[in-house]
Amino acid sequence: MQHPLPGHILYGGDYNPEQWSEDIWQEDMRLMKLANVNMVSINIFSWTMLEPAAGQYHFEQLDRIMDLLYENGIAADLATATASPPTWMSRLYPSMLPVTREGVRLTHGSRQHYCPNSPDYRRKGAALVQRLAERYAKHPALKMWHLNNEYGCHVNQCYCDNCAAAFRVWLQERYQTLDVVNSTWGTTFWSQRYYDWEDILPPRLSSAQNNPGQVLDYWRFMNDSLLGLYRLEEDILRAVAPTIPLTTNLMVAFKPVDVYDWAKHMDIVSFDMYPEPEALPSWNALHHDIMRSAKGGRPHMVMEQSPSEVNWQPQNPHKRPGQMRLHSLQTVAHGGDGVLFFQWRQSKTGAEMYHAAVVTHEGNEHNRIFRQAAQVGAELAKLSPIVAGSRIQADVAILLDWDTWWAVEYLPGPSDRIKYMELVGKYYHAFHQQNVNIDVVRPDSDLSKYRVVVAPMLHMLHRGVAQNLEQFVSAGGTLLTTFYSGIVDENNHAALGGYPGELRSLLGVHVEEFDPLTPEMHNELVIKEGSLAGTYNTDLWGELVHLEGAQAIGVFGSDYYARKAALTVNKFGAGHAYYLATLNDADFLVKLAAELCQQAGIKPTLPISSEIEVTKRVTETGKEIYFLLNHTQQAKQITLPHGTFTSLLDDSSVQGEITIPAMDALVLQAE
Amino acid sequence: MQHPLPGHILYGGDYNPEQWSEDIWQEDMRLMKLANVNMVSINIFSWTMLEPAAGQYHFEQLDRIMDLLYENGIAADLATATASPPTWMSRLYPSMLPVTREGVRLTHGSRQHYCPNSPDYRRKGAALVQRLAERYAKHPALKMWHLNNEYGCHVNQCYCDNCAAAFRVWLQERYQTLDVVNSTWGTTFWSQRYYDWEDILPPRLSSAQNNPGQVLDYWRFMNDSLLGLYRLEEDILRAVAPTIPLTTNLMVAFKPVDVYDWAKHMDIVSFDMYPEPEALPSWNALHHDIMRSAKGGRPHMVMEQSPSEVNWQPQNPHKRPGQMRLHSLQTVAHGGDGVLFFQWRQSKTGAEMYHAAVVTHEGNEHNRIFRQAAQVGAELAKLSPIVAGSRIQADVAILLDWDTWWAVEYLPGPSDRIKYMELVGKYYHAFHQQNVNIDVVRPDSDLSKYRVVVAPMLHMLHRGVAQNLEQFVSAGGTLLTTFYSGIVDENNHAALGGYPGELRSLLGVHVEEFDPLTPEMHNELVIKEGSLAGTYNTDLWGELVHLEGAQAIGVFGSDYYARKAALTVNKFGAGHAYYLATLNDADFLVKLAAELCQQAGIKPTLPISSEIEVTKRVTETGKEIYFLLNHTQQAKQITLPHGTFTSLLDDSSVQGEITIPAMDALVLQAE
Amino acid sequence: MQHPLPGHILYGGDYNPEQWSEDIWQEDMRLMKLANVNMVSINIFSWTMLEPAAGQYHFEQLDRIMDLLYENGIAADLATATASPPTWMSRLYPSMLPVTREGVRLTHGSRQHYCPNSPDYRRKGAALVQRLAERYAKHPALKMWHLNNEYGCHVNQCYCDNCAAAFRVWLQERYQTLDVVNSTWGTTFWSQRYYDWEDILPPRLSSAQNNPGQVLDYWRFMNDSLLGLYRLEEDILRAVAPTIPLTTNLMVAFKPVDVYDWAKHMDIVSFDMYPEPEALPSWNALHHDIMRSAKGGRPHMVMEQSPSEVNWQPQNPHKRPGQMRLHSLQTVAHGGDGVLFFQWRQSKTGAEMYHAAVVTHEGNEHNRIFRQAAQVGAELAKLSPIVAGSRIQADVAILLDWDTWWAVEYLPGPSDRIKYMELVGKYYHAFHQQNVNIDVVRPDSDLSKYRVVVAPMLHMLHRGVAQNLEQFVSAGGTLLTTFYSGIVDENNHAALGGYPGELRSLLGVHVEEFDPLTPEMHNELVIKEGSLAGTYNTDLWGELVHLEGAQAIGVFGSDYYARKAALTVNKFGAGHAYYLATLNDADFLVKLAAELCQQAGIKPTLPISSEIEVTKRVTETGKEIYFLLNHTQQAKQITLPHGTFTSLLDDSSVQGEITIPAMDALVLQAE
């Protein structure tokens with residue numbers, strides 16, 4: 001794979017010229033140059049234009065768009081246009097429409113109205129991609145393929161008969177025999193045994209909850225079904241245009257789509273970044289780190305962000321001045337090499353006519369939104385030659401596992417208050433506050449390069465994961481894991497013989513019972529001595545923990561397990577394994593993270609206040625670039641370490657005590 | 001059209017004698033006379049009695065009821081009985097049953113279980129109406145036709161195949177070609193282009209939001225479909241019985257039914273008045289003023305109100321003593337000439353057995369509810385000869401537009417906190433507090449007779465509306481409009497080139513951005529000088545406003561548009577156009593309304609406290625009748641203007657300082 | 001009927017050995033003996049094992065389980081296995097799957113996926129039961145039949161065509177003619193008259209609310225349909241194995257299933273006891289008293305309780321130490337002779353893998369849950385010879401009526417705040433606090449053995465009920481009834497001529513209006529003199545009450561019925577009838593209950609604090625056993641009445657002042 005524009009940070013947005021007359025296109029070119037745009041995504045929703053009737057293809061307009069971009073020096077991220085099939089398709093092939101769990105067949109009239117397992121959709125989609133690939137493979141504007149769009153955004157679980165049939169094939173491949181399906185899903189319970197493959201259905205609406213094994217496998221199957229669509233297009237594109245990099249715009253960490261599975265097939269991991277207005281800076285940072293880590297540290301990109309408001313939240317206030325710029329720089333700070341917008345020019349009709357765009361309904365450059373976008377474009381162009389391609393090195397890894405996510409939120413279950421990704425976010429936040437770089441990786445990854453590994457709620461232990469963690473700790477690593485870990489194996493079968501199952505010897509604890517708390521219930525973590533000494537509120541969960549080699553650092557403060565261990569550490573080989581049997585508020589988690597970093601000898605990237613987010617990228621030649629982001633509404637004074645730095649955004653030279661204005665950022669390189 | 005009972009205020013209720021044995025009918029006649037009833041609505045739910053099997057009609061019972069009414073001097077408001085088809089019809093014609101957006105076909109077993117576009121329902125309904133018309137056209141009891149009942153109350157959006165076909169015909173009539181549909185709806189977006197009329201569907205459940213153009217047109221189409229049902233019956237009745245006035249009981253201002261469209265076809269506008277217990281007096285007043293204005297000021301009537309509790313709110317407390325009387329007098333105060341109840345005698349079975357009636361389950365006159373109804377009957381009879389037929393004259397008009405209502409609440413959109421009718425209610429309330437008469441009219445109405453015109457959220461500008469407003473203002477009028485106005489044209493296409501589009505020169509402002517606020521966000525309106533000086537909380541919305549000729553009266557107090565204009569006035573010709581770029585609390589809106597009235601030289605109807613609602617009706621001969629309503633729980637002392645008045649309810653003579661008891665009213669005529 | 005294990009309190013749980021390999025079975029036998037288990041329920045979800053293909057039966061595994069139990073001295077409560085049909089059945093007979101009100105046909109994949117009126121399900125179920133009965137009728141382990149499981153738990157309202165047809169047959173049997181159906185349902189209203197039986201449907205989703213008569217009859221029909229399933233199995237089992245007692249595990253008082261109807265056909269009333277964590281002790285007590293009373297005082301049993309957490313509440317915290325034991329002893333205290341768990345061994349897969357079991361995932365006896373279960377087993381074994389078979393005698397009866405429950409919660413109606421069973425619970429609680437034994441019986445029961453009868457919201461008066469109450473009161477009894485009583489007859493027709501209809505002369509009051517309050521509305525009950533003197537908050541409901549012979553004890557404090565009667569007493573024959581026209585908080589209801597008990601000469605079972613729950617069982621030979629339960633978190637000191645008692649749980653002798661530890665209990669027998 002090669003970078004679509006070597007040495008460049010990509011900058012641009014979704015561009016839908018087909019909504020406008022051609023005189024507007026010329027104006028767009030002028031404005032794009034004003035804004036330093038170097039790449040646009042086109043053709044995302046053009047299927048109906050390209051194939052107005054079954055088998056009749058018309059590429060003339062797309063030809064003109066591609067030529068126009070080339071003439072203006074703007075790269076095309078060319079979409080395969082399969083995201084929204086034409087209306088005539090659902091008339092010709094009604095069974096291509098998805099079906100809800102309740103059995104309602106959806107209609108066309110919005111977008112993404114296809115069943116991922118529809119043979120008709122797959123055949124027609126492949127035919128279109130084949131033609132696109134052949135026509136544009138050699139077009140000089142083409143720098144990247146954009147497969148489909150936001151896979152699974154609206155339809156990530158279809159329950160139609162096509163899916164039922166495909167699910168059976170998937171199960172046959174995975175389990176070979178019905179007996180294995182039966183024992184894996186535990187169908188003896190509730191008299192659910194299958195004697196005929198035909199009896200296996202998607203987890204459609206039933207009289208009570210569906211079998212949890214079936215539900216878990218349906219998550220897996222649907223992820224694979226969507227990925228199958230991607231791979232269908234991938235195969236065509238790689239065959240016809242082997243040198244053009246592939247991407248698709250993933251959602252943020254999104255339950256239906258396992259980013260790690262998908263990243264293997266993508267040349268550049270890109271995603272759509274639409275944080276809620278009240279999201280913490282660490283929440284955005286987490287998602288960048290997931291996307292970057294999913295491809296082993298290779299620079300990722302934001303394929304879509306909004307220059308200002310979106311239109312699909314309950315209320316859609318503007319991004320305040322500076323916020324979009326800060327988000328853009330945070331992308332680069334976390335290893336990203338591209339920032340694109342949805343969309344370039346605001347639509348005057350359609351479902352997203354009130355979604356912000358770089359060029360607003362006013363249609364000119366004389367307004368806050370355009371000016372800000374142009375400024376960011378200029379700044380990224382400035383950073384590009386130095387920063388593009390540089391990498392992040394992390395000493396801390398957070399473990400993230402989609403199978404656990406799918407398993408742990410099955411309801412009814414111990415608690416509907418378990419929100420896996422939120423919990424990961426809380427632990428990420430605690431380490432993010434240390435101003436250290438963080439990777440977010442799968443539990444079966446090579447952990448040898450990290451000093452601290454954090455595994456929030458490692459509920460499901462895939463084969464080898466316990467051994468992987470033991471190896472990491474015994475080699476001197478520090479592991480922190482939490483309540484409700486080690487409970488099931490990869491088939492979702494409960495660990496017999498005592499929780500936390502395979503983690504028991506590594507952690508040196510035995511959990512007799514776990515106790516999900518109602519919102520009205522609380523407990524305390526009481527630590528008598530050491531740097532963490534204090535009493536801390538706990539929430540969500542309690543456990544009855546027995547020590548089996550571990551040492552209790554803290555105990556519960558009340559209830560019938562008062563004075564029993566709540567936070568433990570176990571020396572294991574040359575390392576330490578910590579276990580926290582409850583959920584604490586952020587203040588304690590931040591303290592705990594600081595303590596673990598200190599013990600592991602991890603220093604902050606820069607020794608400054610945690611109110612400033614700091615990251616570091618290192619170039620191939622070893623140059624270090626520091627990003628200092630002030631997400632607060634107040635100017636912050638900090639003291640730089642010894643030495644003089646070049647401030648890359650304004651070419652000034654800085655040292656010692658400096659001020660970062662509210663909602664502003666510095667990018668520094670040691671001179 | 002003639003008044004059904006010339007010179008009379010109509011008084012009575014829905015009467016369903018078919019639920020009772022005939023001896024009860026005689027008792028009803030006695031009680032009706034006790035209560036001064038002069039008209040009852042009958043036959044509303046009698047289809048199943050009139051046509052017990054397909055094509056077999058039985059009118060004997062209805063004959064007896066009509067004769068009984070005539071013998072007792074009570075007029076019949078004869079319903080066409082099409083509101084609830086017989087159960088055998090849905091068996092014979094299953095496709096007449098409506099279908100939900102999710103595709104569920106509803107069943108019979110309640111009421112209004114028909115698709116408005118069902119050919120079977122239309123054919124059978126027309127046949128029944130034809131027979132009814134022919135049989136009763138000359139019956140001396142017949143004084144009014146009551147078409148169907150509460151059109152669209154339960155089924156105002158059907159999504160069946162009949163509707164799909166009718167929608168296509170409707171679109172062909174409106175747009176002629178598919179190309180125009182495509183460009184109007186902006187189907188280029190999300191690849192939704194139609195190449196075949198057959199592909200166009202109702203906005204059924206889809207994978208994401210339906211196209212907003214399609215959704216808007218579906219509101220229009222469904223309003224037209226329901227109106228088509230009305231007109232089908234209208235044509236028959238006018239042909240057979242041309243002198244009998246027609247009405248149907250509209251709901252209160254009800255999103256699915258555009259009152260202005262319907263009023264054209266009604267001789268008397270009537271509606272059902274069921275305010276929530278906590279509704280403000282101005283909320284009821286607003287609805288009266290809509291209904292009266294819809295027919296150019298001709299007296300309207302309340303076809304249904306409850307004598308006490310209803311049965312369909314979460315909890316149904318009684319109307320407190322005096323409340324029903326006050327509501328009845330308020331109807332007359334706002335130009336109404338009729339007050340009827342649902343229903344006359346409380347059912348002992350059925351879905352509304354716990355809905356209050358004039359004759360309760362006790363079945364006699366010895367209770368609070370009957371006594372109160374009888375008192376109101378006596379009072380209306382007293383007012384009748386003087387008041388009936390008199391008119392309201394208003395200097396203030398509020399603009400109300402169903403197309404805007406439909407467009408502005410489409411979701412997802414800028415804010416789900418936009419509630420158009422509530423907003424209209426807030427502005428109505430502010431002027432209602434001035435004790436001035438108000439009309440509520442369409443934006444394209446002749447505005448020359450008003451001094452102040454208020455256009456809350458004039459989001460959609462139909463062709464000519466901007467010019468209509470410019471003409472009004474340039475001739476010396478005062479216009480007040482608000483945030484999120486002038487955003488789209490009648491095709492729901494965003495104004496390009498700068499908001500508020502066509503209103504830009506009239507208002508003298510340019511709105512660069514609009515900023516919907518979350519419930520947690522607030523701002524302030526800061527006015528430095530003048531009678532409005534002060535700082536006022538604002539909510540819901542902010543805007544970035546640039547002055548283009550207008551003057552800033554007030555500015556925003558905080559956020560990044562602090563010190564930018566929030567309330568502006570633009571001198572335009574001989575008049576003034578005000579723009580308020582945010583939503584204020586009632587206290588400021590009341591002050592603003594007072595200021596605008598004063599500037600426009602509008603005086604209150606009577607110069608007394610706004611705690612007393614005051615209206616004035618003027619008879620053909622110029623007599624002025626004042627209505628003074630005390631909606632509060634306390635007696636209020638007021639001072640009448642110079643002169644002596646006759647108190648019409650008790651024939652006393654009053655002057656100077658007087659007291660209106662709590663929940664009581666005065667009707668005064670200058671002597 | 002005979003006791004399954006004469007002289008024994010039954011102890012054990014649901015046992016599903018088919019989920020485990022046979023070596024585990026041996027370990028189970030060892031652990032069961034450790035825990036004093038004497039009965040297990042087996043075969044509940046085994047249909048798929050017994051009949052892997054249509055008509056192919058395999059009983060070998062069940063034979064082995066039955067033999068194993070017998071060899072180990074453990075009785076079998078043998079389930080008929082019809083609770084969850086095999087997956088192949090729904091493929092062969094798709095119409096056996098239930099259909100929701102919205103028309104969605106459910107699928108297999110969970111449990112209870114059958115329509116109660118499916119001929120296919122009935123035929124296949126009966127065939128299985130016939131075979132089971134024949135095979136095991138004489139097996140020495142068989143001590144009880146367990147029919148199906150939790151009838152109606154998930155599917156208690158099916159709306160399919162099978163049900164429609166069966167509903168018509170049910171209506172024909174009940175009403176004979178369509179005319180009677182029409183007049184009973186009041187189909188004149190809203191034009192709903194039926195002229196053909198085929199037009200009658202289940203109350204499927206319609207455009208507005210379904211007819212209340214139809215809805216009420218559908219509750220009755222569905223209760224009868226489920227009971228019909230039970231009776232189908234009952235007939236087979238009684239024919240083949242006439243000496244084996246029958247039971248099924250009812251839910252707690254559960255709206256779809258009328259316990260009194262069902263108890264007639266059960267030899268032992270058993271039910272599943274899953275109180276919410278915050279349930280009051282009286283809530284559990286109420287359910288025990290219902291179950292015991294339903295079978296005329298014959299000992300009932302708990303067929304399922306959880307040894308600790310469940311898995312289907314939003315969050316599932318543990319039962320705290322002592323709580324399960326206290327619940328178990330409370331069962332016996334209220335006349336129960338059996339306590340079984342769901343389930344014996346915790347499943348490692350399936351929908352209930354996180355539901356607690358006696359043997360946890362750890363699989364051994366070394367933990368809190370097992371130890372506690374073993375302790376309870378030992379204690380029950382100790383109590384068994386003395387307590388088993390003894391009875392409760394009550395002076396107080398609460399009236400409970402499923403028809404009222406079904407009728408009174410129909411919506412829309414006067415108030416959605418009416419929760420019938422909660423209201424019964426509030427009155428039960430007030431008398432439970434008096435430490436008196438209570439029966440809970442139907443309104444048409446023989447009341448002659450009671451001194452106080454409480455009828456909360458006796459809304460529907462079946463024929464004879466008013467006379468039954470008059471007879472009770474005139475013979476000297478004390479009756480307390482409440483607001484919204486006497487409103488309808490058994491056909492749900494409103495009482496004409498004045499509320500409370502047939503109760504009017506007994507209560508000596510006339511209710512002119514009833515007034516449901518919103519949550520924001522309140523009133524007061526003001527009592528001027530006597531032991532109840534004071535002012536008490538009231539809620540939910542007010543009424544306008546006129547005295548017709550009764551005396552006002554208290555009056556309303558505010559609103560327009562201030563100073564009108566709120567609490568009345570009417571001397572009627574030798575007794576007194578009280579009427580409370582509103583809802584008071586618990587504190588007043590407890591005082592009122594105390595007053596009524598005192599007036600009726602009812603003394604507490606033991607004269608100690610109401611913080612300790614006290615009941616008394618009496619053996620056939622007249623021995624009295626007292627149960628003293630401390631449900632609080634504090635130790636409580638009490639003074640026993642004169643004399644010495646044997647404490648049966650520890651064989652100690654106690655007298656005078658003693659302490660009951662927190663969450664602990666005493667079982668005392670006078671020496």
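Residues numbered from 1 in each chain as written. Chains lettered and ligands numbered in written order. Predicted model: local features only at pLDDT ≥ 70, side-chain atom pairs only at ≥ 80, totals over all residues. Heavy atoms only, no water.

1. Focus on the pattern of salt bridges
- Counting across every chain of the model gives 105 salt bridges over all chains.
- The salt bridge partner of B:Glu365 is B:Arg30, with a shortest N-O separation of 3.0 Å. With B:Glu365 in the loop between strand E9 (338-341) and helix H12 (368-387) and B:Arg30 in helix H1 (residues 22-34), the pair connects residues that are 335 residues apart, well separated along the chain.
- Residue classification places B:Glu365 among the buried residues on the basis of a relative accessible area of 17%.
- Of the residues examined, B:Arg30 reaches a relative accessible area of 37% and is grouped as partly exposed.
- The salt bridge partner of B:Arg123 is B:Asp120, with a shortest N-O separation of 3.1 Å. You can see B:Arg123 and its partner B:Asp120 sitting in helix H5 (residues 119-136), three residues apart, about one turn around the helix.
- Exposure remark for B:Arg123: the relative accessible area of 44% places this residue in the partly exposed category.
- Several salt bridges share partner residues, and in doing so they unite A:Arg174, A:Asp217, A:Arg220 and A:Asp403 into one network. (Salt bridge = Lys/Arg side-chain N within 4 Å of Asp/Glu carboxyl O. Helix = DSSP H or I, 4+ residues; strand = E, 2+ residues; numbered from the N terminus. Buried < 20%, exposed > 50% of the residue type's maximum accessible area, 1.4 Å probe, protein only.)

2. Structural notes on the nonpolar core
- Counting 198 residues, the largest nonpolar core has A:Ile42, A:Trp145, A:Trp344, A:Phe431, A:Tyr484 and A:Phe588 as the members making the most contacts within it.
- No other element matches the nine residues that helix H8 (residues 212-240) of chain A contributes to this core.
- Leave out the neighbours within four places in its chain, and A:Trp344 touches A:Asp14, A:Tyr15, A:Asp28, A:Leu31, A:Met32, A:Ala35, A:Val37, A:Ala357, A:Val358, A:Val359 and A:Phe370.
- Within the second largest apolar cluster, 197 residues are counted, among which are C:Ile9, C:Val358, C:Tyr450 and C:Ala466. (Core = buried A, V, L, I, M, F, W, Y, C linked by side-chain atoms within 4.5 Å. Contact = heavy atoms within 4.5 Å.)

3. Digging into the interface of chain C and chain B
- The interface is formed by 59 residues belonging to chain C together with 50 residues belonging to chain B.
- Taking both sides of the interface into account, the surface hidden between chain C and chain B amounts to around 4,600 Å²; carbon and sulfur atoms contribute 56%.
- Contact with chain B buries surface across chain C, with C:Phe189, C:Trp190 and C:Ser191 losing the most and accounting together for 17% of the total.
- Linking chain C with chain B are five salt bridges.
- The residue C:Asp199 makes a salt bridge to B:Arg91 at a minimum N-O spacing of 2.3 Å. (Buried area = accessible area lost by both parts, 1.4 Å probe.)

4. Brief notes about the sheet that holds strand E17 (residues 523-527) of chain B
All names here are of chain B.
- Strand order in the open sheet made by the ten strands is E11-E10-E12-E14-E22-E21-E20-E17-E18-E23, with mixed pairing throughout. Pairing within the sheet leaves two strands with one partner each, and these edge strands are strand E11 (438-441) and strand E23 (583-584).
- Here strand E14 (residues 478-482) runs beside strand E22 (residues 575-580); their pairing, made up of five bridges, is parallel. Looking at E22, one finds that Thr481 is bridged to Tyr579.
- Against the sheet, helix H17 (residues 586-599) touches strand E12 (452-455), E14, E17, strand E18 (534-539), strand E21 (565-572), E22 and E23, its axis set at about 175° to E22. (Pairing = 2+ DSSP bridges. Axes fitted to C-alpha atoms, helices over the stretch in contact; angles between N-to-C directions.)

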